[in-house]
Amino acid sequence: MKIGFDWGGVLDEFGEHFAQIASALRKDGHQVYVISAVEPGNEAYQKSFISPQFADCDEVITVGAMWEDQPKAKLVACQEKGIEWFFDDREDTNILLRHYGIMAFTVKRLG
């Protein structure tokens, strides 16, 4: 199974146990992805910031999109990688992903 996690609002708030989760999932044969949608032009910086923190995942993907277009950008990234489960804090993203057959889970923000 391919499983994706959003960065902003999910891993930046709950990422302290991510290495253990990713390691356990990968040990059982699953693939683990981190996906971050950022304003256009910030993709390379965001990826360089996130990647070292999540070396235990298969790939860190950053996509450039304005706030209102970020759900669609994440959908495209999930479809390109074949991600079947995705964890995000934005309900609008999860509704869209579910509409396209991806099992999407809403992570409640701390703040």
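Structure: see above.
These figures come from a predicted structure and were not determined experimentally. (Residues numbered from 1 in each chain as written. Predicted model: local features only at pLDDT ≥ 70, side-chain atom pairs only at ≥ 80, totals over all residues. Heavy atoms only, no water.)

Trainee: I'm lost on the sheet that holds strand 5 (residues 103-106) in this one. Help?
Mentor: For sheets, the rule is that strands pair by backbone hydrogen bonds, running either parallel or antiparallel. Pairing within the open sheet is parallel, and its 5 strands lie in the order 3-2-1-4-5. Both edges of this open sheet fall to strand 3 (59-64) and strand 5, since each of them pairs with a single strand only. Within this sheet the neighbouring strands show an average axis-to-axis angle of 20°, counted without direction. Sheet topology note: the strand 2 (residues 31-38)/strand 3 ladder contains 6 bridges and is parallel. Within the sheet, the bridge partner assigned to V38 lies in strand 3 and is G64. (Pairing = 2+ DSSP bridges. Helix = DSSP H or I, 4+ residues; strand = E, 2+ residues; numbered from the N terminus. Axes fitted to C-alpha atoms, helices over the stretch in contact; angles between N-to-C directions.)

Trainee: Hey, could you run me through the pairing of strand 4 (residues 85-88) in this one?
Mentor: On a regular strand, one side chain projects to one face of the sheet and the next to the other, so that they alternate. Burial along strand 4 is one-sided: the face carrying F86 and D88 is buried and the face carrying W85 and F87 is not. Across 4 bridges, strand 4 lies against strand 5 in parallel orientation. Of the residues in strand 5, the one forming a bridge with F86 is A104. On the question of chirality, the crossover connecting strand 4 to the parallel strand 5 by way of helix 5 (residues 91-99) is right-handed. (Buried < 20%, exposed > 50% of the residue type's maximum accessible area, 1.4 Å probe, protein only. Right-handed = clockwise from strand over helix to strand, strands pointing away.)

Trainee: Where do I start with the pattern of salt bridges in this structure?
Mentor: Pairs may arise between side chains of opposite charge once their charged atoms sit close together. Scanning the model with the defined rule gives 6 salt bridges in all. A salt bridge links D58 to R26, with the shortest nitrogen-to-oxygen separation between them at 3.3 Å. Here D58 is found in the loop between helix 3 (43-50) and strand 3, whereas its partner R26 is found in helix 2 (residues 18-27), with 32 residues between them in sequence. The exposure class of D58 is partly exposed, given its relative accessible area of 35%. Among the ionic pairs, R98 bridges to E91, the shortest N-O distance being 3.0 Å. Of the residues examined, R98 reaches a relative accessible area of 37% and is grouped as partly exposed. Residue E91 is classed as partly exposed on the basis of its relative accessible area, which comes to 35%. (Salt bridge = Lys/Arg side-chain N within 4 Å of Asp/Glu carboxyl O.)

Trainee: Before we go on, may I ask you to explain the side chain of D89 in this structure?
Mentor: Along the polypeptide, D89 turns up in the loop between strand 4 and helix 5. Other than its neighbours up to four places away in sequence, D89 contacts D6, G8, G9, V10, T106, V107 and R109. (Contact = heavy atoms within 4.5 Å.)

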